[in-house]
Amino acid sequence: MTESVVGGPSLPQERRLVTAIPGPESRRRLERKKEHVADGVGTTLPVFIVAAGGGVLRDVDGNSLIDLGSGIAVTSVGNAADAVVRRVTEQVAAFTHTCFMVTPYDGYVDVCEALAELTPGDHAKKSALFNSGAEAVENAVKIARVATGKDAVVVFDHAYHGRTNLTMAMTAKNMPYKHGFGPFAGEVYRAPMSYPFRDGLSGQEAAARAIDVIEKQVGATNLACVAIEPIQGEGGFIVPAPGFLPAIAAWCTANDVVYIADEIQSGFCRTGDWFASDHEGVVPDLVTTAKGIAGGLPLAGVTGRAELMDAVHAGGLGGTYGGNPVACAAAMGAIEEMREHDLGARAREIGATMAGRLADLQETYAVVGDVRGRGAMMAIELCTPGTTEPDAARAAAVAAHCHAHGVVVLTCGTWGNVFRFLPPLSISDELLAEGFDVVAEAFAATA
Ligand SMILES: *Cc1c(COP(=O)(O)O)cnc(C)c1O
C-alpha cells in the first residue's frame, strides 16, 4: 500500500491521523523488525517513516506527525532540505568515496574551512572529520593526550559522550548506555556539574566545587583535558549556572589542560547561536561537532587550535569513511541553509515560543518542576510537586499520549523525567503551536 511520497519542504505541513498509532502497516513492519533487527536497538515511537520535511514525519499508514525531536537534534535544517538534497545529489553522481587519506577532495577541506570560520574564537584552527559523535569525542581525547603528554580525562555528572568504549567511560548513566558493557577505559574522572535546579549554586560556586574535586582527586599535572557539554543533552538538558563554563575554561587555560566543548547536540544554530559556547563568549581549545552538522548524513568533526591539532603525528588521525564526500556535501548544504535562512535567529524565535508554552505548563501543573534550555533546545523536568523527586512515570504517560496523538516528543535525563524539545528549525509557527497544544492536552489527560 506504500504510495510514493516526496519528502522535504514540499510535504504537506499538517498533523493528520488516519489510523491508530502505530497503524496496521507499521505493525506489520514491526513484526519484521522484531524478526531481523537486534532487540537491543530500541524504538521510541514505533511508526515506519516514508517521507519527512519541514516539521512533519509521514508514516507508512499515511499518518502525518509533528516532529519535535529532529531525530535527536540532527535535522535542524529540516529533513531533505533543498540545499542538502541538491548538493548530495550532485556529489553522489560524481563520486561516492575515495578515502580522504588515500586521495583527497575539496568537500572535506570545504567543511574544515567552514568549521574554522563558524566555531568560537578567531585563532588559527584546523579540523579532522569522522563519522559519529562518539568517534569525534574519542579523537579529541587522543589529540589532547598527545598535545599535553598527560593521560587523565575529566567529565561531569549526567554527561553523555557516546557509546564506544572510551565514550561509555565518559558517559555518566548506566542504563541503558553502559550496563554490562564494561570494563571501561581508564583514567576517566567525574566532577560535579552545575545543576541550578538541584544544587542552587551560582556558576562561581559550582565551578569552585568542581575544580576542588579535580585538583584533589586528579591533579592538574595528570590531566590532559576536561570535556563538557555546554548544555547537557541526554543527561537532561542541564544548563549550567552563568559563569560556570567560563570559570572551568579559565582554570583549564591556567593549568595546561585542554578544554573540550562537546557541542555535538548543542551546536549548529540549535541554541540560537552557531555554538552554545558563544553565549558566554567561551573559546574552547577543541570543539566536537556532529548531529546538526550535515542535515542527517553521518559526519562529525574535531576543530581546534592549530598547534593542538597538529601535535598528532602524520597518520595518527583518520578512518576509512571519515569526511565521506557525500556527507561533506550534505554539511555544506546544511550550512548554506543555516546562513541563507538565518536559522540561528529562527532558533531564538522558536525558543521564545516554546519558553512561553512551557512556562504556561509550569503554572498549571505543579509536576513541572523546572523549565530550562536555550533557543530550540528546551526542556521541562517533572518532579513530585514541591520537591526534586523525579516523576518518570508521569513523563512516560505524557509521552505516550503525545505519540498516540501524532506528536514526536523525546524524554531524557538521568532519571528519565525530562522532556526535551528539539523541533527542526524549518517547522512552521502553526505546527509548533499545534504540537504544544497536544503536549498541553497530554498533561491534562494524565493529571
Ligand atoms: C549524541 C551525542 C554524542 C554521540 O554522538 P553519536 O553520533 O551518537 O556517536 C556525543 N556527545 C553528545 C553531547 C551527544 O549529544
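Residues numbered from 1 in each chain as written. Predicted model: local features only at pLDDT ≥ 70, side-chain atom pairs only at ≥ 80, totals over all residues. Heavy atoms only, no water.

One pass over the structure, following the stated rule, counts zero disulfides. Free of any disulfide, C99 has its nearest cysteine sulfur in C328, 12 Å distant. Looking at the unpaired C412, the closest cysteine sulfur is the one in C383, lying at 13 Å. (Disulfide = S-S within 2.5 Å.)

This brings us to the domain arrangement of the protein chain. Domain assignment breaks the protein chain into domain 1 (24-80 + 342-445) and domain 2 (98-323). Here domain 1 and domain 2 have C-alpha centroids that lie 26 Å from each other. With 39 residues of domain 1 in contact, the opposing surface of domain 2 contributes 26 residues. Summed over both sides, the interface of domain 1 with domain 2 buries roughly 2,700 Å², with 58% coming from carbon and sulfur. (Domains from an automatic or database assignment. Contact = heavy atoms within 4.5 Å. Buried area = accessible area lost by both parts, 1.4 Å probe.)

Near the ligand the following residues occur: S132, G133, A134, Y160, H161, E229, D262, I264, Q265 and K291. Within the contact set of the ligand, an oxygen atom lies 2.8 Å away from a backbone nitrogen or oxygen of A134. Between the ligand and D262 there is a distance of 2.8 Å, counted from a nitrogen atom to a side-chain nitrogen or oxygen. Here the shell around the ligand is built from residues that sort into three nonpolar, four polar and three charged. (Near = heavy atom within 4 Å. Polar contact = N/O pair within 3.5 Å; in protein donor to acceptor, adjacent residues only side chain to side chain. Nonpolar A, V, L, I, M, F, W, Y, C, P; charged D, E, K, R; others polar.)

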